[in-house]
Amino acid sequence: MNAKKDLVSLVDLNDGQTGTILSIVGGRILTKRLADLGLTSGTEIKVIGRTLFSGPLQIEVSGSRLVLGRGLAAKIIVEIK
Amino acid sequence: MTENKKINIVLAGQGNAGKSTIFNYFTGLHQHIGNWAGKTIEKREGTLFYKDYTIDVLDLPGIYSLTTYSEEELISREYIIHHQPDCVINIVDSTNLERNLIFTIQLLELECPVILALNMIDLAKKKGITIDFQKLQNILNVPVIPTVASHGSGLTDIIDKVIELKEKKKDLNTIRYGKEIENCIDILSVKLQMIDLPYPKRWIAIKLLEKDNELIKAVWEKDSGIEETTRKLEKNLEEIHGHDSSIVIADERSQSASRIVRKIVRILPGRNISLNDRLEALTTHKFIGYIFMLFILGGMFLTVFKFGNWFSAWLETVFSDWHNLWTGSLGTAFLASMGWSAIESVLALIQIALPFILPFYIILYILEDWGYIARISFLMDNLMHKMGIHGKGCISFIIGLGCNVPGCLSCRIMESRRERFITAVLVTLVPCSAVSVIVFGLVGKYVGLLWALGLYLFAMVLIFLAGRISSRFIIGEPVELIMPMPDYKTPHFKTIATQTGLALKEFVFIAAPLVIISGVVIQGINLAGWMPAISGVLSPVTETWLGLPPITGILLIFGILRKELILVMLAAYLGTSAFSEVLNHQQMITLAVLSMFYIPCIATISVLWNDFGWKKALVVCILEILFAIFLAGIVKRILDFVF
């Protein structure tokens, strides 16, 4: 795939920005956990906020809120909407 | 009542969907809380008498999936399969339909009769979400009932439906996967016909493709030939989709859920920003969020301290009148003083412990019901990572502030064994309400409130350092935080009152007998003149190293039963709670530091033992004893310069 400039990790989205999950760079267990929570490729994610010093991100997926650790969010590759 | 009028149902659903509220509504006082056989996971059962029916209700643990990530999930699914309940009531958070439906689909795959309760439908409406539940009913082919559990609305409809379902069984609908997966399921189902397992064949096939360890074990044992077929099918799926087969299935399931939601849910755009949204933004804000948190937690401790002191002082005047009445009428002979020491122990418990524990639990449950605890996890995740665990550990810490036992039990929300253990060990260092009784009742009251708060700060720093050290020594990968953020709710008065009542009941029923026995034993030892001998054995530690009065040796032994016994027994022994007569300021602080860390109480030790084995429990106890004695000695020597 061409390196498009609007392809970033979830962490790189600004607060309030929305992206569509393209892939999850992680092991089977992690990917499956996320899928059971409704986070699969094609899902739209909106970043709501985050804490300072590489703390977790608060996101909104299909109308409900989730908190994801920063390291985990870094493994979710999204396409900026 | 005849046999055939008996029905058994189970409640299943994700956390925060209102399952406990519905369970309490159905069963009221007819409930029984126990443990799952061989597990320390709570099992809640109850009975509902409705029309001519006796309905047994079981509350399954709140879970997110029926894959075996955790013991709770395994228990739930085994129960449904083996006990074949007449009906599973799936309680769903209407404001969060998509995520909840993923679980519903998994339930349907178990091929058990399901009723869907669309709970919190009022909140959904408020958020501008309308759900076409008639259509949902048609798609899933199960009854769908909108409910508002906190008002009790829709709940009798559920029971009427349960009875209706019992009388005439319905065909079940299958939610189908994509063509490739369905092919694999078909091939496996045929192979599985030969195997005798108590599960639906289609479900086994799906779980094999999902690489579910439990089922793989069970099936391979019966017929190892299936392994090869499964592997081949998985490989085929993985080639087509470019993902692990388990992920392909989870993906499709989640997509089915979102397809269903798209068909039945309408969200009105442009709704007003509600007060809760503003609060949400404020309490999780980068800077303001932390200030707010300090304000809340600080306010909590100030309230507990102020209220506790006032209440405690009031009780003291009442009880001292009673003592005069007793000695005035019964004298001070041997039996009379033994009798009074039993009564006095209980009074001391009520006077010293209850005033602090009561407001603490009320505030804790208000924060929990409101939804604030999840915000603390979010804000603290970063700091917790430095201790080798993640933000959810904070929930265990806060529960541990009330009592270490549920604190340690709640460590099961952590995903890996390593984190569970680290969190549990750190929770044993959290000053529980019993320790707070000592800190507030001794240091706060006589030395000063700032010193008491300083001790809490000291404990926090220590827990942080202990976390850093243990995360170094206990090897394993740290897990990242994944946590649903519940919406803020108006705290529900009845829920808070019930929970506080249960906590106090447990406190009184467990503590009172221990207090009476230890009170009488100490008084007996005292009257028999054995006190110097016992205290003498411990005096190298208590007197020489720590500079404490000899009586503390025996108090510390009783303190293993319950920490507040240290103070309560001291009061009972002295016959007064004017501790400043026997302890100076630096002794009070030294004793408080020692009580905070010297050993987990007996109930906490038993939880550690149960969850992590006796070896680890023993190591934790010994380390904490040695460490606390060392630490308190150092503190004493530093205080020598201060006072």
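Here the structure is a predicted model, which is why all the values come from computation and not from measurement.

**Q** Teacher, can you tell me more about the state of the cysteines here?
**A** Here is the idea: a disulfide is a covalent bond, and it sits between the sulfur atoms of two cysteines. Throughout the structure, instances matching the rule amount to 0 disulfides over all chains. With no disulfide of its own, C394(B) has C411(B) as its nearest cysteine by sulfur position, at a separation of 12 Å.

**Q** Help me understand helix α7 (residues 179-192) of chain B, please; the structure alone is not making it clear to me.
**A** Residues that lie three or four places apart on an α-helix share one face, since the helix turns once every 3.6 residues. Residues and elements named next belong to chain B. Between the first and last C-alpha of α7 there are 20 Å, a value that for 14 residues agrees with the 20 Å anticipated at 1.5 Å per step. Buried residues of α7: I181, E182, C184, I185, L188, S189 and L192, and no others. Viewed end-on, α7 has its buried residues packed into an arc of 155 degrees, placing them on one side of the element. Projecting away from the buried face of α7 at angles above 90 degrees are the exposed residues K179 and V190. Those residues of α7 that are buried are in contact with α8 (201-209), α9 (213-222), α10 (225-241) and α11 (245-264).

**Q** For this particular structure, what's the right way to read the sheet that holds strand β1 (residues 7-9) of chain A?
**A** Remark on secondary structure: sheet strands pair via backbone hydrogen bonds, oriented parallel or antiparallel. Within the open sheet, the 7 strands sit side by side as β1(A)-β6(A)-β2(A)-β3(A)-β4(A)-β5(A)-β10(B). Their pairing is antiparallel. Each end of this open sheet is capped by a strand with a single partner; those strands are β1 of chain A together with β10 (482-485) of chain B. Neighbour-to-neighbour, the strand axes of the sheet open up by a mean angle of 40 degrees, direction not taken into account. Across the sheet, helix α1 (residues 28-36) of chain A touches β2 (18-24), β5 (64-68) and β6 (76-80) of chain A together with β10 of chain B, and the angle it forms with β10(B) is around 10 degrees. Docked against the sheet, helix α16 (residues 372-385) of chain B engages β3 (44-50), β4 (57-61) and β5 of chain A together with β10 of chain B, running at close to 140 degrees with respect to β10(B).

**Q** Looking at this model, I keep getting lost on the environment of F103(B). Mind explaining?
**A** Residue and element names in this part refer to chain B. Take F103: it is sitting in helix α3 (residues 97-109). The class of F103 is buried, set by a relative accessible area of 1%. Between the C-alpha atoms of F103 and G13, which are 90 residues apart in sequence, the distance is 7.6 Å.

**Q** Help me out: how do you make sense of the packing of aromatic side chains in this one?
**A** How two aromatic rings sit relative to each other is set out by the distance from centre to centre and by the angle between their planes. Residues and elements named next belong to chain B. By the definition in use, this model includes 18 aromatic pairs over all chains. The interplanar angle of 45 degrees and the centroid separation of 5.0 Å between the aromatic rings of F301 and Y456 together place this pair among those described as tilted. Of this pair, F301 sits in helix α13 (residues 288-330) while Y456 sits in helix α21 (residues 449-473), and the two are 155 residues apart along the sequence. Y456 matches F301 in its accessibility class, with the two residues each being buried. Where F458 meets F597, the ring centres are 6.4 Å apart and the plane angle is 65 degrees; that geometry is what we call edge-to-face.

**Q** Hey, could you run me through the confidence of the model for chain B in this one?
**A** Should the pLDDT be low somewhere, the predicted coordinates at that spot are not to be read in detail. For chain B, the average pLDDT comes to 83, and 94% of its residues sit at 70 or higher. The ipTM for the predicted assembly is 0.85, set against a pTM of 0.75.

**Q** Would you explain a nonpolar patch on the surface in this entry?
**A** All names here are of chain B. On the surface, W451, F630, I634, I638, F641, V642 and F643 cluster together to form a nonpolar patch covering roughly 750 Å² of accessible area. Sorting elements by how many residues they give to the nonpolar patch places helix α28 (residues 614-642) first, with 5 residues. The exposure class assigned to I634 is partly exposed, which follows from its relative accessible area of 34%.

**Q** It is not clear to me how the interface of chain B and chain A should be interpreted in this structure. Could you clarify?
**A** The parts lose accessible area when they come together, and the size of an interface is often stated as this lost area. Listed as interface residues are 39 residues of chain B and, on the opposing side, 34 residues of chain A. Run the count over chain B and chain A and you get 1 salt bridge. In this structure, the salt-bridge partner of E280(B) is R65(A), at a minimum N-O distance of 3.7 Å. Where chain B packs against chain A, one counts 6 residue pairs in polar contact (both at pLDDT 80 or more).

**Q** Honestly, empty space enclosed by the protein in this entry has me stumped. Any pointers?
**A** Vacant regions in the atomic arrangement are exposed by a probe of water-molecule size rolled over the atoms. Residues and elements named next belong to chain B. All chains considered together, the criterion is met by 6 cavities of 30 Å³ or more. Its boundaries defined by the atoms lining it, the largest cavity holds a volume of some 70 Å³. The wall of the largest cavity is formed by N309, S312, Q351, I352, F356, G441, K445, L567, S577 and F579. The set of elements that each furnish at least two residues to the lining of the largest cavity consists of α13, α14 (334-352) and α20 (433-447). Classifying every residue of the lining of the largest cavity by side-chain character gives 4 nonpolar, 5 polar and 1 charged.

**Q** In this structure, what is going on with the side chain of T40(A)? I would like to understand it.
**A** Inspection of the secondary structure puts T40(A) in the loop between α1 and β3. The exposure class of T40(A) is buried, given its relative accessible area of 3%. When sequence neighbours within four positions are dropped, the list of residues in contact with T40(A) reads I21(A), A35(A), D251(B), S254(B) and Q255(B).

**Q** Please clarify how the layout of surface pockets should be interpreted in this entry.
**A** Residue and element names in this part refer to chain B. Its volume calculated, the second largest pocket comes out at about 800 Å³. Within the residue set of the lining of the second largest pocket, elements represented by two or more residues are α13, α16, α17 (393-402) and α21. For the lining of the second largest pocket, the element with the most residues is α21, which contributes 8 residues. When the residues that make up the lining of the second largest pocket are grouped by side-chain class, the tally is 24 nonpolar, 1 polar and no charged.

What counts as what
Residues numbered from 1 in each chain as written. Chains lettered and ligands numbered in written order. Predicted model: local features only at pLDDT ≥ 70, side-chain atom pairs only at ≥ 80, totals over all residues. Heavy atoms only, no water. Disulfide = S-S within 2.5 Å. Helix = DSSP H or I, 4+ residues; strand = E, 2+ residues; numbered from the N terminus. Expected span 1.5 Å × (residues − 1). Buried < 20%, exposed > 50% of the residue type's maximum accessible area, 1.4 Å probe, protein only. Arc of directions from axis to C-beta. Contact = heavy atoms within 4.5 Å. Pairing = 2+ DSSP bridges. Axes fitted to C-alpha atoms, helices over the stretch in contact; angles between N-to-C directions. Phe/Tyr/Trp six-rings, centres within 6.5 Å; stacked < 30°, edge-to-face > 60°. pLDDT = per-residue confidence, 0-100. Patch = residues over 30% accessible without salt bridge, like charges linked within 9 Å, V, L, I, M, F, W, Y side chains within 5 Å. Areas by Shrake-Rupley, 256 points an atom, 1.4 Å probe, with all protein chains shown as cover. Salt bridge = Lys/Arg side-chain N within 4 Å of Asp/Glu carboxyl O. Polar contact = N/O pair within 3.5 Å; in protein donor to acceptor, adjacent residues only side chain to side chain. 1 Å grid on protein atoms, 1.4 Å probe; cavity = no way out; pocket = protein on both sides within 12 Å on 5 of 7 lines; lining within 4 Å. Points joined across faces, edges and corners; volume = space filled by probe spheres on them. Nonpolar A, V, L, I, M, F, W, Y, C, P; charged D, E, K, R; others polar.

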